[in-house]
Amino acid sequence: MKYFFLILLSIAFVFTSCNSEKKSEKEKIVIGSKKKSSPEFDLGKKLFKGKGNCYSCHRVDKKSIGPSITEIMKIYKEQNGDIIGFLRQKKDPIVDPDNYAVMKTNFARLEKFTDEELKAIAFYMNEVTAK
Ligand code: HEC
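Here the structure is a predicted model, which is why all the values come from computation and not from measurement.

### A closer look at the coordination of the iron atom of the ligand
And then number 1: Within the protein, His-58 (NE2) and Met-103 (SD) serve as the donor atoms for the iron atom of the ligand, at 2.0 to 2.1 Å.
And then number 2: Every donor counted, the 6 donor atoms about the iron atom of the ligand form angles of 88 to 179° at the centre, which fits octahedral coordination. Placement of His-58 in the loop between α2 (39–49) and α3 (69–78) and of Met-103 in helix α5 (residues 100–104) is noted, with a sequence separation of 45 residues between them.

Listed below in structure tokens is the structure:
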């Protein structure tokens, strides 16, 4: 009788641990299929909206103080532009040169960003507008 309970207990244990494994697999699929999420995308988004302060002048689809990310990416794709080069002041503006002075106010701050951070920002800008 003692053994019977032990066996019952272990069967119950195996059963529940199998179940929870299934559940976490399901959760993984949900997270994986979440639109456009990857560590680089999430970092870029965080920097774009947070430390980079880009979002206060650049929305995804609408023009605000600066051109929308969609407009920037359209021109950068057409002209094979180099966003990281631009953000490092190695490339001239190609989107709206008349308002370059406004964008220029960011460059001192951007000097403190690592190459990896700028890459993530450029990755985010590309992904968030990719159809
Ligand atoms: C104070 C407002 C402001 C902020 C903050 C700002 N921008 Fe801009 N940005 C502009 C304006 C205005 C333009 C249009 C002038 C131009 O094309 O250079 C622009 C243009 C750009 C362009 C296109 C440059 C080109 O080739 O003409 C890129 C890329 C860009 N911004 C990225 C960023 C990123 C990344 C950040 C955050 C680190 C940022 N901006 C923060 C105002 C801003």
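### Section: the packing of aromatic side chains
And then number 1: This model, assessed by the stated rule, comprises 5 aromatic pairs.
And then number 2: With a centroid separation of 5.4 Å and an interplanar angle of 50°, the aromatic rings of Phe-48 and Tyr-124 are classed as tilted. Here Phe-48, found in helix α2, pairs with Tyr-124, found in helix α7 (residues 115–129); they are 76 residues apart in sequence, far enough to count as distant.
And then number 3: Look at Tyr-124 and you get buried, because its relative accessible area is 2%.
And then number 4: With a centroid separation of 5.6 Å and an interplanar angle of 70°, the aromatic rings of Phe-86 and Phe-107 are classed as edge-to-face. Placement of the pair is Phe-86 in helix α4 (residues 83–87) and Phe-107 in helix α6 (residues 107–110), with a sequence separation of 21 residues.
And then number 5: It is Lys-51 that lies over the ring of Phe-113; its NZ or CZ is 4.8 Å from the centre.
And then number 6: One cation-aromatic arrangement involves Arg-59 over Tyr-55; the distance from NZ or CZ to the ring centre is 4.2 Å.

### Quick word on the packing of α2 against α7
And then number 1: Viewed as axis vectors pointing N to C, α2 and α7 meet at an angle of 100°, and their least axial separation amounts to 7 Å. When the interaxial angle is binned, α2 and α7 end up roughly perpendicular. Residues Glu-40, Phe-41, Leu-43, Gly-44, Lys-45, Leu-47, Phe-48 and Lys-49 of α2 form the contact with α7, whose own contacting residues are Glu-117, Lys-119, Ala-120, Ile-121, Phe-123, Tyr-124, Met-125, Glu-127 and Val-128.
And then number 2: A per-class count over the contact of α2 with α7 returns 10 nonpolar, 1 polar and 6 charged.

Definitions and limits used
- Residues numbered from 1 in each chain as written.
- Predicted model: local features only at pLDDT ≥ 70, side-chain atom pairs only at ≥ 80, totals over all residues.
- Heavy atoms only, no water.
- Donors = N, O, S within 2.8 Å, 3.2 Å for Na, K, Ca; no water.
- Tetrahedral: all angles 85-135°; square planar, octahedral: opposite > 155°, others 65-115°.
- Helix = DSSP H or I, 4+ residues; strand = E, 2+ residues; numbered from the N terminus.
- Phe/Tyr/Trp six-rings, centres within 6.5 Å; stacked < 30°, edge-to-face > 60°.
- Buried < 20%, exposed > 50% of the residue type's maximum accessible area, 1.4 Å probe, protein only.
- Lys NZ or Arg CZ within 6 Å of the ring centre and 35° of its normal.
- Axes fitted to C-alpha atoms, helices over the stretch in contact; angles between N-to-C directions.
- Parallel < 35°, antiparallel > 145°, perpendicular 65-115°, else oblique.
- Contact = heavy atoms within 4.5 Å.
- Nonpolar A, V, L, I, M, F, W, Y, C, P; charged D, E, K, R; others polar.

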